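Each chain, letter by letter, is given below.
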Amino acid sequence: MITVFGEGRGFRVVWLLEEMGLPYRLRPVDMLAGVENDPEFLAINPSGFIPAIRDGDATMVESIAIMEYLMARYGPTPLAPVPHDPAFPAYQQFLHLGEAGLAASTFFVIVTNMLAPEAERDNWTARKAQSTFESRRRLVARQLARSPYVAGEAFTAADISVTYALQLAQRTGNAVLTDLEQAYVARTTDRDGYRRAMDACEATKAWVAGLAGG
């Protein structure tokens with residue numbers, strides 16, 4: 001059985017697993033207690049960030065890489081358009097933009113606001129990260145003006161990636177979603193897979209802001 005270590009960005013992985021109907025076990029990682037006290041997790045990821053998975057003899061980190069691995073290994077799945085599908089370029093772009101452009105950028109603003117000494121919170125790096133987040137967000141807005149989902153007419157794993165990033169920014173007070181974004185998030189989260197993933201994470205008290213993940 002697939003074991004998912006940690007939540008935060010790992011929510012993407014849990015949501016994907018629920019959408020694909022794959023059995024898994026969610027194993028919480030208590031980042032506040034310190035991963036140095038969790039040798040089982042450190043054996044999976046000695047770098048100490050979440051999420052990670054163990055699937056038989058395979059171990060992986062980085063949420064988007066994990067998603068691609070699962071879809072390739074246990075697919076095919078309509079969540080991943082094939083390369084000759086007209087939706088494939090947008091799918092590929094937004095699958096990665098959800099982390100590299102959105103979540104990774106807003107992460108540095110969030111941790112600065114939450115953890116940095118007050119005198120150090122307004123700094124060039126945090127402002128640059130925020131401007132990067134906002135510029136990538138404009139790409140999402142342009143796409144949603146054209147289609148209901150970021151890859152086109154159908155829900156894909158790219159929507160899992162982007163939805164997580166938008167919700168992360170919203171829940172931490174780093175963004176107020178536009179009407180277009182709110183309607184999009186309402187569509188993507190009005191799914192049985194999303195609700196099951198939320199129930200699984202809440203059952204382990206694992207829903208966190210994702211402040212130590214990838």
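Shown above is the structure to which this text applies.
Read on for an overview of the structure. (Residues numbered from 1 in each chain as written. Predicted model: local features only at pLDDT ≥ 70, side-chain atom pairs only at ≥ 80, totals over all residues. Heavy atoms only, no water.)

Focus: unusual backbone geometry
Backbone torsion omega between I50 and P51 reads 5°, so that peptide bond is classified as cis. Note the cis peptide between G75 and P76, where omega equals 10°. In this fold, P76 is placed in the loop between helix 3 (63–74) and helix 4 (88–115). (Helix = DSSP H or I, 4+ residues; strand = E, 2+ residues; numbered from the N terminus.)

Let's talk about the side chain of Q143
Looking at the element boundaries, Q143 is found in helix 5 (residues 124–144). You can call Q143 buried: its relative accessible area is 11%. (Buried < 20%, exposed > 50% of the residue type's maximum accessible area, 1.4 Å probe, protein only.)

Some remarks on the environment of V35
Along the polypeptide, V35 turns up in the loop between strand 2 (24–27) and helix 2 (39–44). Beyond its immediate chain neighbours, meaning those up to four positions away, V35 contacts V29, F41, L42 and G48. (Contact = heavy atoms within 4.5 Å.)

Quick look at the nonpolar core
Within the largest apolar cluster, 53 residues are counted, with the highest numbers of intra-cluster contacts made by V4, L16, M67 and L70. When residues in this core are grouped by element, the largest group, nine residues, is from helix 6 (residues 157–171). Those residues in contact with L16 that lie beyond four places of it in its chain are M67, L70, M71, L79, A157 and I160. (Core = buried A, V, L, I, M, F, W, Y, C linked by side-chain atoms within 4.5 Å.)

Details of the pairing of strand 3 (residues 52–55)
The sheet contact formed by strand 1 (residues 2–5) and strand 3 spans three bridges and is antiparallel. What sits directly across from V4, in strand 3, is I53. Where strand 3 folds back onto strand 4 (residues 58–61) in an antiparallel hairpin, the turn is made up of two residues, including G56, whose phi is positive at roughly 65°. (Pairing = 2+ DSSP bridges.)

Considering helix 5
In a regular helix each residue adds 1.5 Å, so 21 residues correspond to 30 Å; helix 5 covers 30 Å between its end C-alpha atoms and thus fits that length. Where helix 5 is concerned, the buried positions are A126, A129, Q130, T132, F133, S135, R137, V140, Q143 and L144. Near the N-terminus of helix 5, the side chain that reaches the backbone nitrogen of T125, with its oxygen 3.1 Å away, is that of N123. (Expected span 1.5 Å × (residues − 1). Polar contact = N/O pair within 3.5 Å; in protein donor to acceptor, adjacent residues only side chain to side chain.)

Quick notes on the sheet that holds strand 4
Strand order across the open sheet formed by four strands is 2-1-3-4, with mixed pairing between neighbours. The open sheet has two free edges, formed respectively by strand 2 and strand 4, since each of these has just one partner strand. Taken over all neighbouring pairs, the strand axes of this sheet differ in orientation by 15° on average, direction set aside. Packed on one face of the sheet, helix 3 meets strand 1, strand 3 and strand 4 and runs near 140° to strand 4. (Axes fitted to C-alpha atoms, helices over the stretch in contact; angles between N-to-C directions.)

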